[in-house]
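Close look at the chain arrangement
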2 protein chains.
Amino acid sequence: MKCAEQQTAEGILFTDQYQLSMAQLYFRAGLHERQAQFDHFFRKYPDYGLHQAGYCISAGLEWLLDWMEGAHFRDEDIAYLRSQRGRNGTPMFGEDFLAWLRQHGNFGGISLYAIPEGRVVHPNVPLTVVQGPLAMAQILETALLNQLNYQTLIATKAARIRESSRGGAVLEFGLRRGQERGANAGTRAALIGGADFTSNVGLSHVLGYAPKGTHAHSMVQVYMSLGMSELDAFRAFAEVYPDDCTLLVDTIDTLESGVPNAIRVFEELRRKGHTPVGVRLDSGDLAYLAIQTARMLDSAGFPDTSIVLSNDLDELVIWQILTQIGEEAPRYGVDADRLVNRMVYGVGTRLVTSHGDAALGGVYKLVALHSGNSWAPALKIAESASKTTNPGPKRAWRIYDRRDRATADLVSLADEDPTTAERLTLRHPSDHARYRTLDKNQLAAIEPLLVEVLREGRLVYNLPDIEAIRERRRADVAHLDAGVRRIMNPHIYHVSVTPKLWELKQRLIAEATGD
Amino acid sequence: MKCAEQQTAEGILFTDQYQLSMAQLYFRAGLHERQAQFDHFFRKYPDYGLHQAGYCISAGLEWLLDWMEGAHFRDEDIAYLRSQRGRNGTPMFGEDFLAWLRQHGNFGGISLYAIPEGRVVHPNVPLTVVQGPLAMAQILETALLNQLNYQTLIATKAARIRESSRGGAVLEFGLRRGQERGANAGTRAALIGGADFTSNVGLSHVLGYAPKGTHAHSMVQVYMSLGMSELDAFRAFAEVYPDDCTLLVDTIDTLESGVPNAIRVFEELRRKGHTPVGVRLDSGDLAYLAIQTARMLDSAGFPDTSIVLSNDLDELVIWQILTQIGEEAPRYGVDADRLVNRMVYGVGTRLVTSHGDAALGGVYKLVALHSGNSWAPALKIAESASKTTNPGPKRAWRIYDRRDRATADLVSLADEDPTTAERLTLRHPSDHARYRTLDKNQLAAIEPLLVEVLREGRLVYNLPDIEAIRERRRADVAHLDAGVRRIMNPHIYHVSVTPKLWELKQRLIAEATGD
């Protein structure tokens, strides 16, 4: 895309046509400025096929706010809408509606509550609550879902990879396999969720991290095609980067050529007073090769040199590699724990695409419309009870048990405050037979989850920097039970509703279905 | 991201750190301006798990060229690189290298050949050939793979969905589930590969299409929460869009409420001289509901009204729906073929994420380095023979048999011209025992696939508009055997190398491994 086209395609028109059709309908009905409330939430954790997430990590809010700040209907956007024709050749959009859009078509009237970035989040709890004029709150839907769905998906995947890597550094390498410039959002979300660094230069700059990387096979090929050798290539690299020397050792043959050549170069570096950093293994049986590489590095006197693994890694592959190392390393006289502690993981494709489940099904549902002096709750009935939305303006709470572990999230109506109750009843959101009761003395804390972010378009929230977001993620994950953190078949975390919300929902279902 | 940050993260620094590390190494070695040649190709068709692609559709070139045109090292990019520190605290990049980057760090020296967008493409055939100064050709890798991998992946998925939809219109609806603004690239690729229209307003504008859409459940909810009904909502919509009226009928109950209400509104429209467009089904058993909806529409005298299906559709789901319709429709007195002909498919998440295989593993490999007066071929040996690259500057050809069907792609060395040979030997690229021989009289045509696009940074190719690209795709797909087009277990299309290329590769393998 050319630059001007990009401004068009990434501005306010980054939306679905039906949002505009509905906005005009609301305009005709005099409802366009009626205050409405939409909840954004997801219904299911990512399911990667063989394994499933037990929690998600919220991400994407700051970039959504940046987009909202600038987005508005420019003259050229209006001109385009004016040119749209229906089937009978008449304009799709009327001049009165376009004039309103030109003047009011921005997000200055939107108020927004959100669960902050980096927080552990669960299904059916509102992550974002949008309140504002119906037409603009509706037009916002597409961009909001686009930004929050993807970053939350990737932060979640990164948290899982971090979990399986047992403390080894995780490097995000996915730029070449992401969806065009959206890959940058993947990098950011990966850093929020669990990656330590990224190879992405531009985004490292923007976020204030040192970008990471070694070299490619092509560097060795260059030297070989000039009649030189892998060793010559390694020497050249070590000469330019004597204190930052990580060598890719699988261009020819990892154990026969790459590692021995790397060790020769590392010895030369050591003689000159430098400390080599590591080797990278990018193909073959990574567990076996890591063990043999460790053995060779150990006997050459490089017991602390890193071993970087890459090549279609994800949480399962890393888990398998570490399991195999645990079983096989002793057989070769290699201490498995010491080996695990020196390993680093370069994770690309499978992180940036959330391998196994490439989209988070976050949705944006109308929950209330202002009518007279109060909110009229709105409901979306679905074929299955579990997909029927929770109506009305709401709040979300996290309940910590006496061990200070998060034991449940609770969704209440907006006028409820569970922190003041002596006893809490947690109802299953769709199964009337399931509930539990907690006495206040069984709990360490009840924490409100949603914070006020925008008040009629004005930022009233102090956006944390990325380090603070990461710290938030670390703290939240530490408050989870081990069973919820488990990579495979995790415990199902409880998400409950209050009896009052439950009753409202049942009443509205009965009204809508005529029962 | 703020606007200035976006310029940083989407400009020349949209690359991996190791590209810059290698570029500086080449600079130190005096190799940075040495002419190099890289091939971009993919090794395997997308494998969606239960089903696999038998061909891909090339896409992404134009947007890559747009990016290359503007990308260069700005003062602020240089300042950032200057600030990077290695482990010992000294600058990662030297001032001489940074000065060179500031002056020469753009793609003005790059020549590029490519298989045009919209063409059917196959594994191990170079889709893009980049020739230019080693340092800049290396830095280009990340952005090139990012743009071409993703769009080719999605154009391929769209072609499959088109194949399974048997002529029904395909609407792309994936904006909310793509990777941030990269979703726009998905929309473009979907239109290239097989979608007829998209809901994406901005990109429809940029590409000159009418965006498509109906309305959301929220519109019905709005009316219900104000004490009105689904019928009131439908009437309001029909009043605003009397000639463009497609109604979403599953907010309450598709067959009990939605379709009967839609029919009432359609009858009202008809009385006023308007033609209703369609209904949309977004949940439940879509095949069963489509049959019942058709039946109800037919008996109300709306036999041509469209039935739009949506809800996690992909090529397999559509195939299943059409199969079920073929079997069940007659039982309800509905003509299956007529029903299929009135159906439209809204495809979102599973198209924009290429459900089942969310990344195309396209790679970018050094194949030659200029040395003295000629090209020294470069080889990348891999653990498996099939992953070892084809060395040297090359050309690519498509061979059509007497039925004018594409029967094989042939990769030759650059100085070979198979069109002049009386007889062709097509060798399997890695199995020495497999080859076949074709006489010229068995062939309808031998077509060169790569066109010259950039000559030292200058565009020498007439970029086709999107309609021409789509026409190219239609023509290419029509030249494929039915077995190759099959959605499941397609025939493996032959990709061969010439004997001369085969021999060069074998010689280089022997040299590299010391055999």
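Residues numbered from 1 in each chain as written. Chains lettered and ligands numbered in written order. Predicted model: local features only at pLDDT ≥ 70, side-chain atom pairs only at ≥ 80, totals over all residues.

1. Considering the nonpolar core
So the rule is basically this: Structurally, a nonpolar core is described as a collection of buried Ala, Val, Leu, Ile, Met, Phe, Trp, Tyr and Cys residues joined by way of C-beta atoms within 7 Å. For every residue, the other C-beta atoms within 10 Å of its own C-beta are counted; 20 or more classify it as buried, 12 or fewer as exposed, and values in between as partly exposed. C-beta atoms are placed from the backbone. A pair of residues counts as a contact when their C-beta atoms, built from backbone coordinates, are within 7 Å of each other.
Membership of the largest hydrophobic core comes to 331 residues, with the highest contact counts inside it found for A:Phe237, A:Ala290, A:Leu309, B:Phe237, B:Ala290 and B:Leu309. In this structure, A:Leu309 is in contact with A:Leu281, A:Leu286, A:Ala290, A:Ile321, A:Met343, A:Tyr345 and A:Gly346, ignoring residues within four places of it in sequence.

2. Considerations on the interface of chain A and chain B
Rules: Each helix is a run of DSSP H or I of at least 4 residues and each strand a run of E of at least 2, with the numbering of both proceeding from the N terminus. Basically, the charged four are Asp, Glu, Lys and Arg, the nonpolar ten are Ala, Val, Leu, Ile, Met, Phe, Trp, Tyr, Cys and Pro, and anything else, Gly included, counts as polar.
Between chain A and chain B, the contact holds 95 residues from the first and 95 residues from the second. With eight residues, helix H2 (residues 17-28) of chain A is the single largest residue contributor to the side of chain A that touches chain B. Of the residues belonging to the side of chain A that touches chain B, the class tally is 43 nonpolar, 36 polar and 16 charged.

3. Some thoughts on the relation of the copies chain A and chain B
Using the following cut-off: All copies are superposed by least squares; the fitting set is the C-alpha atoms of residues with a pLDDT of at least 70 in both.
By a simple turn and slide, chain A fits onto chain B: the slide is 0.0 Å along the axis, the RMSD is 0.0 Å, and the turn is 180°. Between the two chains, the operation in question is that of a two-fold axis. Among all C-alpha atoms of chain A, that of A:Gly182 lies closest to the rotation axis, at 2.1 Å. Comparing interface residues between copies, 100% of those in chain A also lie at the interface in chain B; the contact surface is shared.

4. Considerations on the sheet that holds strand S9 (residues 278-281) of chain B
Residue and element names in this part refer to chain B. Rules: Should DSSP find at least two bridges between two strands, the strands are taken to pair.
Ordered in space as S7-S6-S11-S10-S9-S8, the six strands form an open sheet in which the pairing is parallel. The outermost strands of the open sheet, each flanked by one partner alone, are strand S7 (197-198) and strand S8 (246-248). For S9 and strand S10 (residues 306-309), the ladder comprises four bridges, and the chain directions are parallel. Residue pairing across strands places Gly278 opposite Ser306, the latter belonging to S10.

5. A short note on helix H17 (residues 466-478) of chain A
Residue and element names in this part refer to chain A. Here is the rule we go by: One less than the number of residues in a helix, times 1.5 Å, gives the span that helix is expected to have. Throughout, the arc means the angular range of directions from the helix axis out to the C-beta atoms.
Its 13 residues place the ends of H17 18 Å apart at the C-alpha level, agreeing with the 18 Å of an ideal helix rising 1.5 Å per residue. Within H17, burial applies to Ile469, Arg470, Arg473, Asp476 and Val477. Along the axis of H17, the buried residues cluster in a sector spanning 125°; they form a single face. Facing away from the buried side of H17 by over 90 degrees, the exposed positions are Glu467, Ala475 and Ala478.

6. Overview of the environment of A:Lys212
All names here are of chain A. Secondary-structure assignment places Lys212 in the loop between helix H9 (201-207) and helix H10 (217-225). For Lys212, a count of 24 C-beta atoms within 10 Å translates into the label buried. Remark: the alpha-carbon pair of Lys212 and Ser199, spanning 13 residues in sequence, is separated by 4.8 Å.

7. Notes on the pairing of strand S15 (residues 406-413) of chain A
For a regular strand, side chains alternate in direction, first toward one face of the sheet and then toward the other. Residues and elements named next belong to chain A. Along S15, six of the eight residues are buried, which leaves the element largely enclosed by surrounding structure. As paired strands, strand S14 (residues 394-401) and S15 are joined by seven bridges and run antiparallel to one another. If you follow Ile399 over to S15, its bridge partner there is Ala408. In this structure, the hairpin formed by S14 and S15 is closed by a connection of four residues, where Asp404 is found at a positive phi of approximately 65°.

8. Some words on the packing of helix H12 (residues 254-271) of chain B against helix H13 (residues 286-299) of chain B
A pair of packed helices is characterised by two quantities: the angle between their axes and the separation of those axes. Residues and elements named next belong to chain B. Which entries qualify depends on this criterion: Here the axes come from fitting lines to C-alpha atoms, over the contacting stretch only for helices, and the angles between their N-to-C directions go from 0 to 180 degrees. Should the near helix be turned counterclockwise from the far one by less than a right angle, the crossing is left-handed, whereas a clockwise turn marks it as right-handed.
One can describe the packing of H12 onto H13 by two numbers: an axis separation of 11 Å at closest approach and a directional angle of 35°. Judged by the twist between their axes, the crossing of H12 over H13 is right-handed. Here H12 contributes Thr254, Leu255, Val259 and Ile263 to the contact with H13, which in turn contributes Leu289, Gln292, Thr293, Met296 and Leu297. Classifying every residue of the contact of H12 with H13 by side-chain character gives six nonpolar, three polar and no charged.

9. Some remarks on the sheet that holds strand S13 (residues 374-377) of chain A
In a beta sheet, neighbouring strands pair by backbone hydrogen bonds and run either parallel or antiparallel. Overall, antiparallel pairing links the seven strands, which are arranged S13-S12-S1-S5-S3-S19-S20 (chain A) in an open sheet. Every interior strand has two partners, whereas the edge strands, S13 and strand S20 (458-459) of chain A, have only one. In this fold helix H7 (residues 141-164) of chain A packs onto strand S1 (35-41), strand S5 (128-133) and strand S12 (363-371) of chain A, with an angle of close to 140° to the strand it touches most, S12(A). Sitting on the sheet, helix H10 (residues 217-225) of chain B touches S12 and S13 of chain A, and the angle it makes with S12(A) is about 25°.

10. Some thoughts on the domain arrangement of chain A
All names here are of chain A. Test applied: For each domain, the first and last residues come from an automatic or database assignment.
The domain architecture assigned to chain A consists of domain 1 (3-138 + 150-155 + 383-513) and domain 2 (156-352). Here the C-alpha centroids of domain 1 and domain 2 sit 39 Å apart. Tallying the contact residues gives 24 residues for domain 1 and 22 residues for domain 2. Elements with a minimum of two residues in the side of domain 1 that touches domain 2: strand S2 (56-57), H7 and H17.

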